[in-house]
Amino acid sequence: TKVQVALLQHSAEVHYNAAVACTDDLVSAVDDCGFDCKLLSVHNLSGGADPQDERPQIARLGITGMTCAACSGSVERALQALPGVMRVGVSLPTGEAEVTHQPSSITAEALVAAVEDLGFDARLVSKAGLECCSLGVQGMTCSACSSAVERALCAVPGVSSAAVSVLAGRAEVWYDTSVTGPRAFLQAVDVAGFVGSLLAAESSKGSDAAAELAEWRNLLSMALVFTIPVFLLAMVLPMLPGTEAVLAAPVFGFRLDELLKWGLATPVQFWIGWRFHKAAFKALRRGVANMDVLVALGTGASYGYSVISILHHRFVHHTNVNYTPTDFFETCAMLITVIILGKYLECAAKG
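Q: Could you give an account of the pattern of salt bridges, with specific residues and numbers?
A: For the structure shown, the criterion picks out five salt bridges. Here Arg-255 and Glu-244 are joined by a salt bridge, their closest N and O atoms 3.3 Å apart. Of the two residues, Arg-255 is situated in strand β12 (residues 254-255) and Glu-244 in helix α8 (residues 244-247); the sequence distance between them amounts to eleven residues. Classification of Glu-244 as partly exposed rests on a relative accessible area of 42%. Note on Arg-255: relative accessible area 17%, which makes it buried. One salt-bridge network, held together by shared partners, links Glu-244, Arg-255 and Asp-257.

Q: Residue-level account of a nonpolar patch on the surface, with values.
A: Taken together, the side chains of Leu-224, Ile-228, Phe-231, Leu-232, Met-235, Val-236 and Leu-240 define a hydrophobic patch exposed on the protein surface, amounting to about 540 Å² of accessible area. Locating Leu-224 in the fold gives a position in helix α7 (residues 205-236). A residue is classified by how much of its surface remains accessible, and Leu-224, at 37% relative accessible area, is partly exposed.

Q: Any details on the nonpolar core? Residues and values, ideally.
A: Most often, soluble globular proteins keep nonpolar side chains buried together rather than apart. In terms of nonpolar packing, the biggest core is built from 25 residues, with Leu-61, Ile-63, Val-75, Leu-79, Leu-111, Val-115 and Phe-120 touching the most fellow members. Sorting elements by how many residues they give to this core places helix α3 (residues 108-117) first, with five residues. Ignoring anything within four residues of it in the chain, the contact list for Leu-79 reads Val-85, Val-88, Ala-97, Val-99, Leu-111, Ala-114 and Val-115. Ranked by size, the runner-up nonpolar core spans 18 residues in total, among them Cys-133, Val-137, Val-149 and Val-173.

Q: Can you break down the packing of helix α10 (residues 274-285) against helix α11 (residues 291-315) residue by residue, with the values?
A: Two numbers describe a pair of packed helices, the interaxial angle and the distance between the axes. Viewed as axis vectors pointing N to C, α10 and α11 meet at an angle of 115°, and their least axial separation amounts to 8 Å. Taken as a pair, α10 and α11 cross one another with a handedness that is left-handed. In this structure, α10 uses Phe-276, His-277, Ala-279, Ala-280, Ala-283 and Leu-284 to contact α11, whose residues at the interface are Asp-292, Val-293, Val-295, Ala-296 and Thr-299.

Q: Tell me what's going on with the environment of Ser-309, and back it up with residues and numbers.
A: Mapped onto the secondary structure, Ser-309 falls in helix α11. Note: C-alpha distance between Ser-309 and Thr-326 (17 residues apart in sequence) is 6.6 Å. A distance of 2.8 Å separates a polar side-chain atom of Ser-309 from the backbone oxygen of Thr-326.

Q: Outline the packing of aromatic side chains, supporting the account with residue identities and numerical values.
A: For the coordinates displayed, the defined rule picks out seven aromatic pairs. The interplanar angle of 40° and the centroid separation of 5.6 Å between the aromatic rings of Tyr-305 and Phe-328 together place this pair among those described as tilted. On the criterion of sequence distance, the pair formed by Tyr-305 in helix α11 and Phe-328 in the loop between α11 and α12 (329-350) is long-range, its members being 23 residues apart. Over the ring of Phe-315 we find Arg-314; its NZ or CZ atom is 5.0 Å from the centre of that ring.

Q: Can you tell me about the pairing of strand β5 (residues 96-101), naming the residues and giving the values?
A: Working note: regular strand, side chains alternate between the two faces of the sheet. The buried fraction of β5 is high, at five of six residues. Bridging between strand β3 (residues 57-64) and β5 involves six bridges; their strand directions are antiparallel. What sits directly across from Gly-62, in β5, is Glu-96. Where strand β4 (residues 85-91) meets β5, six bridges bridge the pair, whose relative direction is antiparallel. Within β5, the residue paired with Val-90 across the bridge is Ala-97. Following β4, the chain reverses through four residues before pairing antiparallel with β5; Gly-95 in that reversal takes a positive phi of roughly 65°.

Here is what the cut-offs are and how they apply
- Residues numbered from 1 in each chain as written.
- Predicted model: local features only at pLDDT ≥ 70, side-chain atom pairs only at ≥ 80, totals over all residues.
- Heavy atoms only, no water.
- Salt bridge = Lys/Arg side-chain N within 4 Å of Asp/Glu carboxyl O.
- Helix = DSSP H or I, 4+ residues; strand = E, 2+ residues; numbered from the N terminus.
- Buried < 20%, exposed > 50% of the residue type's maximum accessible area, 1.4 Å probe, protein only.
- Patch = residues over 30% accessible without salt bridge, like charges linked within 9 Å, V, L, I, M, F, W, Y side chains within 5 Å.
- Areas by Shrake-Rupley, 256 points an atom, 1.4 Å probe, with all protein chains shown as cover.
- Core = buried A, V, L, I, M, F, W, Y, C linked by side-chain atoms within 4.5 Å.
- Contact = heavy atoms within 4.5 Å.
- Axes fitted to C-alpha atoms, helices over the stretch in contact; angles between N-to-C directions.
- Left-handed = near helix turned anticlockwise from the far one by under 90°.
- Polar contact = N/O pair within 3.5 Å; in protein donor to acceptor, adjacent residues only side chain to side chain.
- Phe/Tyr/Trp six-rings, centres within 6.5 Å; stacked < 30°, edge-to-face > 60°.
- Lys NZ or Arg CZ within 6 Å of the ring centre and 35° of its normal.
- Pairing = 2+ DSSP bridges.

Quick look at the structure:
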């Protein structure tokens, strides 16, 4: 009976008689025109219960931390195993997942929690055809202020829900993009007596990529501070004449270079590389293996062997008094640093 198509929002609103046509007919009609179409939501304008309201909904999740096909595969399998999930599509290049689910069986927030339980960072991009907008609100001092802002935002046509935090000074608004937009939210906040600003940088995918790039850059900088001295101690200084006496100087029964490499490699292994060990534990707990498991096993083996080797030589001793225990502290430190460098370059290439 009525059709409205929004080009910018890539959506269409159709008023139809359910006794004559169904939603599948509408989707098929658009497909026949040569366009890709999917059902976002169905509303009964005549009132009463509508079985279409139980139709599956589509939620889009933004996921950071996926680095390979194994990561995206583990996310897809974990989401597919949840009750009420009908179809899952995970895109590694875009860092997003599209999940078709029954809202009566599982909520979109539960999908986000399931992804975070895998060791990845996730956020809800859209649910049931609704988008989320983050606003900065200045001038709020108490709960009455936040309630006033929340009421003003919820009164805007097309807004499904709004959550306002006084402490954070921000508001999150879920809205129908075909009905309203951020400009109306800023006007509503202004009418309520507060100063609003659009936090587009925080909610945009480009900002997420920039934040991830900055995180890898910081980790790489810290790793280099410890790894370069370990590399020099293990690979360069022993080759220089006159340094063996200094490197072999006894300190509490250990060689000086052993203690230095041990002390420098430990922060790289357990502090800078902690994210790999944490993700590996969660992967093994689910009975799957990914790149994080490989990193944790490789670096853990080299670090563990090195510690056992020098402790065994110190307290048990060898029959050969001239024996020098072997260690691979530089291996674990360099492995983690090189992997972090690769992650940084990957994020930089993605832009």
